[in-house]
Amino acid sequence: MDIAAEKQRLRAEMRARRDALTHDEVREAAHVGANALFNPRLMNLFSRFRGFATYMSIGSEFPTDRIHHALFSAGASVCVPYYLSEAKEYAWAAFTPNDPLIPGHMRIPEPADPRQADPAMIDVALIPGLLFDVCGGRIGYGGGVYDRLLTKLRAGTLRVALAYDFQVQREPLPQAAHDLTMDYIVTEKQWIDCRLARRLRRE
């Protein structure tokens, strides 16, 4: 299988399906998904964590504004990606409710005056993508930009994908050796323990 070509085909199909969502469907997913992320079972898991990396959602991406509000209300430390134009890569910037935002690379909002965050202080990373499988395989937007950003996190940082339920499939996705797997996936309908799914698949 040509992994790169298959990924491109899957990206195009899922982007079209996701972009077909109505505004009301996106907002409903934001509300229900925030509740799903902060349900008692996950909160018990996250209770010992204070540092969260997240993303600024745009277009039809799984929305993060309500999740940011919940994190701030819980007193969590939050950071988001910002673009280093000279290096042509992303880094993590501290993010607070009062930070003004500007359109950054690809029109993605980022802090107007970014203060670089220490990746060692990040306990949980909330991660976007186009397609996932239940064992934690992920297909992003291409180019490996987010994968490189995630490699800056310390070992043991939990990787939690945020996605609409239709973005998750049972069949394994085509993956290259360098692709990172998710630990959990949270959708508007369920949360999936990918580590458990990987263990069960091996047995």
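Predicted model, so just to flag it, every value in this text is computed and none were measured.

Undergrad: Mind showing me how you'd approach the environment of Gly-59 here?
TA: Position of Gly-59 among the secondary structure elements: in the loop between strand E1 (51–53) and helix H4 (65–73). Distance from Gly-59 to Val-26, taken between C-alpha atoms, is 9.3 Å for residues 33 residues apart in sequence.

Undergrad: How should I be thinking about the layout of surface pockets in this particular structure?
TA: Take a probe with the size of a water molecule and roll it over the atoms, and the empty space left behind shows itself. Approximately 800 Å³ is the volume found for the largest pocket. Those elements that provide at least two residues to the lining of the largest pocket are helix H1 (3–19), strand E5 (109–111), strand E8 (138–139) and helix H5 (145–150). Class assignment of the residues belonging to the lining of the largest pocket gives a composition of 17 nonpolar, six polar and nine charged.

Undergrad: Help me understand the nonpolar core in this model?
TA: Considering soluble globular proteins, one finds that nonpolar side chains tend to be buried as a cluster. Judged by nonpolar contacts, the single largest core of 50 residues is most densely connected at Ile-67, Trp-92, Leu-126, Leu-150 and Leu-162. The biggest single contributor to this core is helix H2 (residues 23–37), with five residues. Met-14, Leu-130, Leu-131 and Leu-173 belong to the second largest nonpolar core, which has six residues in total.

Cut-offs and rules
Residues numbered from 1 in each chain as written. Predicted model: local features only at pLDDT ≥ 70, side-chain atom pairs only at ≥ 80, totals over all residues. Heavy atoms only, no water. Helix = DSSP H or I, 4+ residues; strand = E, 2+ residues; numbered from the N terminus. 1 Å grid on protein atoms, 1.4 Å probe; cavity = no way out; pocket = protein on both sides within 12 Å on 5 of 7 lines; lining within 4 Å. Points joined across faces, edges and corners; volume = space filled by probe spheres on them. Nonpolar A, V, L, I, M, F, W, Y, C, P; charged D, E, K, R; others polar. Core = buried A, V, L, I, M, F, W, Y, C linked by side-chain atoms within 4.5 Å. Buried < 20%, exposed > 50% of the residue type's maximum accessible area, 1.4 Å probe, protein only.

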